[in-house]
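Structural overview for review
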Amino acid sequence: MAIRGWLGPLLLVALAFLATMHVPADTPARDAFHEGEYLSAWVLPFTAQQGVMPRLIHGGMDHIPARAVAAACDPARQIACIRWANAGITWLASILFLLAAWLIVQPLKPALAAAALLPAMSLVLFVNGSATNAVDLQQGAPAVRDLAVLGVLLPLIAWCRRQEGDRQAGPWLAPWLPAVAGAIAGLGWFWAYNRGTIALIAVVAVATAPLVLRRDVRGLLAAASGFALGLLVVEASGVYGSIAGNLDNLAYWGRHRDLYATTWDTPTWVLVAPAALLLAATLTASTILAWRSLRRGQMADAVIISLLSLVTLLYVAQTVARPDRPHLAWALCPVMLLVTALLVVVFRSSAPMSRPTIAVAIMTAVAVTFFYGHSGPARVALALVRSLAMPWRFTDM
C-alpha cells in the first residue's frame, strides 16, 4: 500500500525529468540577449562593492544560479554549466507543478485522477518537452521563474485538502502548512519579481480565507510569521542583495511595464485567441463551480478553485503587455491547474456531466497546450528518448 501511494508522485517526477533534461548544453548560443540574462555571475558582488544595486530584469534568477556555477564549475564551461543548472531548476519547477496537480486530484479514484491530470501533464510535455534549445527550456512552462509560485501552491493546496477531514484534522488545523507557504513567499519574493509578488498575494489570500469563513486567525498569523522568517533569512544571507534595492527594482518595473509592450495587431490576436477562449471558459466554469462547492459545504474545492483563479488572473495581467508564444505558455500554468481542479469537482458531483462533454473539455485543454509548444509530437517523442541519454556530459563540467 505504501509503495502504491508513492507510485503516482514518482511517475510524475520521472515525467518531469523526461520532459526537461533533453536539450544539449554544449551547443552555440542562439539568443545572446536571453541567455545573457542568466550569465551575470559577478553583477551583484561587483555592484555591491560600489554600494549600489544592479537593475535586474527578473531578480535573483538572473544571478544566483550563475554565481553557484561560477564557484563549482570549470571556467571554460560556464555557459554549458549554467544551462545545465537552469535545466535542473526547470525540472524542479515541473515536479512542483505536477505534484500540485497530484494533490488537487487526491479525492478521486486512480482512473479519474489520471484523466484529470492530463491537462497538466500535457503542458509539461508539449511546451518543455518540445524545446529545441536552452533558451526555449529556460523560458518553458513551468520553468525557472515559476519556482516561488509553485513552491507556495503546494503547501496551500495541501492545507486546503486537510480541511476535508480525511486525515483526522479539524477545520483549518495544521497551521505549519501556511507557515511553510509564508516562508517560501519570503524566501522567493525576489527570485523573480513578478512571480514572487503573485506568490505573496496567493499566501495572503488563502491565509485570510479561514478568518473570513470561520473567524479563525491562526492561518494568517502562521503565514505572516513564516513570511517574516523568510525575509530575515534573505536579509541575513544577502543572497539577493539588499531588500531595499530589490524593492526599488520591483517598483521600477511596476512603473515601466510598457517598455516591452507588444502591438496588438491581427497576428497577435490570432496567437492569443486559443488561450483567451480557454481562459474565458475556465473562469466562467470556476465561478459557477466554486459557488456550488461553497453552498454544498465543500470548502476545500471552493478555496482551491478561488486560489487558482486568482493566480491565473495575476499571470494573465502580466502576460497582456507581451502576448507572444512564451508568455502565453507561461499563463497556461495556473490555467491547467485550474482545469484540473474543475475536473475534480465535476467528477465528484452527484450529477456529473456526460462522458463525451468531459472528454471534449479535457482534449480542448490538451490541444491548447500543444498549440503553444515549440514543435509537434515527433519532437516530443525524440525529447523523451534523449532525456534517457542525458546529453549534459556531467564528467566534462
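Just so we're clear, the structure is a prediction, and the values are computed from it rather than from any experiment. (Residues numbered from 1 in each chain as written. Predicted model: local features only at pLDDT ≥ 70, side-chain atom pairs only at ≥ 80, totals over all residues. Heavy atoms only, no water.)

Our next topic: the overall build of the chain. A count of helical and extended segments in the chain gives 17 helices and zero strands. Burial analysis of the chain (397 residues in total) assigns 52% to the buried set. Here the contacts in the chain between residues at least 6 apart in sequence split such that 80% fall between residues at least 24 apart. With an accessible surface of roughly 17700 Å², the chain has 69% of that area assigned to carbon and sulfur atoms. (Helix = DSSP H or I, 4+ residues; strand = E, 2+ residues; numbered from the N terminus. Buried < 20%, exposed > 50% of the residue type's maximum accessible area, 1.4 Å probe, protein only. Contact = heavy atoms within 4.5 Å. Areas by Shrake-Rupley, 256 points an atom, 1.4 Å probe, with all protein chains shown as cover.)

Counting 111 residues, the largest nonpolar core has Phe 97, Leu 98, Leu 153 and Trp 191 as the members making the most contacts within it. With sequence-adjacent residues up to four places away left out, Phe 97 is seen in contact with Ala 120, Leu 123, Val 124, Pro 142, Leu 150, Cys 333, Met 336 and Leu 337. (Core = buried A, V, L, I, M, F, W, Y, C linked by side-chain atoms within 4.5 Å.)

Here the focus is the packing of helix 8 (residues 147-162) against helix 14 (residues 299-319). Between helix 8 and helix 14, the least distance of the axes is 9 Å, while the angle of their chain directions is 160 degrees. Considering the angle they form, helix 8 stands roughly antiparallel to helix 14. The handedness of the crossing between helix 8 and helix 14 comes out as right-handed. Residues Val 149, Leu 153, Leu 156, Ile 157, Cys 160 and Arg 161 of helix 8 lie in contact with helix 14, whose contacting residues are Ala 300, Asp 301, Val 303, Ile 304, Leu 307, Leu 308, Val 311 and Tyr 315. Tallied by class, residues from the contact of helix 8 with helix 14 come to twelve nonpolar, no polar and two charged. (Axes fitted to C-alpha atoms, helices over the stretch in contact; angles between N-to-C directions. Parallel < 35°, antiparallel > 145°, perpendicular 65-115°, else oblique. Left-handed = near helix turned anticlockwise from the far one by under 90°. Nonpolar A, V, L, I, M, F, W, Y, C, P; charged D, E, K, R; others polar.)

With that out of the way, let us pick up the packing of aromatic side chains. A complete count under the given rule lists nine aromatic pairs for this structure. Judged by centre distance (6.0 Å) and plane angle (80 degrees), the rings of Phe 190 and Tyr 240 are edge-to-face. Residue Phe 190 is found in the loop between helix 9 (176-188) and helix 10 (193-214), and its partner Tyr 240 is found in the loop between helix 11 (218-237) and helix 12 (243-255); the two are separated by 50 residues along the sequence. Here the two residues Phe 190 and Tyr 240 agree in accessibility, since each one is buried. An aromatic cluster of at least three residues, connected via ring pairs, comprises Trp 189, Phe 190, Tyr 193, Phe 227 and Tyr 240. (Phe/Tyr/Trp six-rings, centres within 6.5 Å; stacked < 30°, edge-to-face > 60°.)

Before going further, it helps to examine the state of the cysteines. Applying the stated rule across the entire model yields one disulfide. The residue that forms a disulfide with Cys 73 is Cys 81, at a sulfur-sulfur distance of 1.8 Å. The same class applies to Cys 73 as to Cys 81, namely buried. (Disulfide = S-S within 2.5 Å.)

Right, let's get into the pattern of salt bridges. Enumeration over the complete set of coordinates arrives at three salt bridges. In this structure, Asp 146 engages Arg 195 in a salt bridge whose closest nitrogen and oxygen atoms are separated by 3.0 Å. Of this pair, Asp 146 sits in the loop between helix 7 (134-138) and helix 8 while Arg 195 sits in helix 10, placing them 49 residues apart in sequence. Between Asp 301 and Arg 161 there is a salt bridge; the shortest N-O distance is 3.1 Å. Note that Asp 301 is positioned in helix 14 and Arg 161 in helix 8, a separation of 140 residues in sequence. Assessed through its relative accessible area of 2%, Asp 301 is described here as buried. Under the relative-accessibility criterion, Arg 161 is labelled buried at 7%. Residues joined by salt bridges that share partners form a network here, namely Arg 161, Asp 301 and Arg 348. (Salt bridge = Lys/Arg side-chain N within 4 Å of Asp/Glu carboxyl O.)

The geometry of helix 5 (residues 78-104) relative to helix 8 is characterised by a closest axis approach of 9 Å and an angle of 20 degrees between their N-to-C directions. Considering their axes alone, helix 5 and helix 8 lie roughly parallel with respect to each other. Relative to helix 8, the crossing made by helix 5 is left-handed. Mapping the contact onto sequence places Ile 89, Leu 92, Ala 93, Leu 96, Phe 97, Leu 99, Ala 100, Leu 103 and Ile 104 in helix 5 and Leu 147, Leu 150, Gly 151, Leu 154, Ile 157, Ala 158 and Arg 161 in helix 8. Here the contact of helix 5 with helix 8 is composed, by residue class, of 14 nonpolar, one polar and one charged.

A few words now on helix 12. For helix 12, with 13 residues, the first-to-last C-alpha span of 18 Å sits near the 18 Å given by 1.5 Å per residue. Taken together, the buried positions of helix 12 are occupied by Ile 243, Gly 245, Asn 246, Asn 249 and Trp 253. Each buried residue of helix 12 sits inside an arc of 165 degrees when the element is viewed along its axis, so together they form one side. Exposed and facing more than 90 degrees away from the buried side of helix 12 are Ala 244 and Arg 255. Residues of helix 12 that are buried in the fold lie against helix 10 and helix 11. (Expected span 1.5 Å × (residues − 1). Arc of directions from axis to C-beta.)

What follows deals with unusual backbone geometry. With an omega of -5 degrees, the peptide bond between Ala 141 and Pro 142 qualifies as cis. Summarising the element assignment, Pro 142 is placed in the loop between helix 7 and helix 8.

Regions with low pLDDT should not have their predicted coordinates read in detail. Here the chain averages 84 in pLDDT, while 86% of its residues score no lower than 70. Mean pLDDT across the secondary structure elements of the chain bottoms out at helix 3 (residues 43-49), with 61, and peaks at helix 9, with 94. Scored below 50 in pLDDT, residues 166-172 makes 16 contacts in the model with residues more than four places away or belonging to other chains. The model gives residues 391-397 a pLDDT under 50, and that stretch makes 23 contacts with residues more than four places away or in other chains. (pLDDT = per-residue confidence, 0-100.)

A rise of 1.5 Å per residue sets the reference length of helix 6 (residues 110-128), with its 19 residues, at 27 Å; its end C-alpha atoms lie 25 Å apart and thus fit the reference within 8%. The largest bend along helix 6 reaches roughly 45 degrees and is located at Leu 118, with the proline Pro 119 sitting one to four residues downstream. (Bend = angle between axes of the 7 residues up to and from the residue.)

This paragraph deals with the side chain of Gln 78. Looking at where Gln 78 falls in the secondary structure, it is placed in helix 5. Residue class for Gln 78 comes out buried when judged on its relative accessible area of 18%. Every residue in contact with Gln 78, bar those within four places of it in the chain, is listed here: Val 69, Ala 70 and Cys 73.

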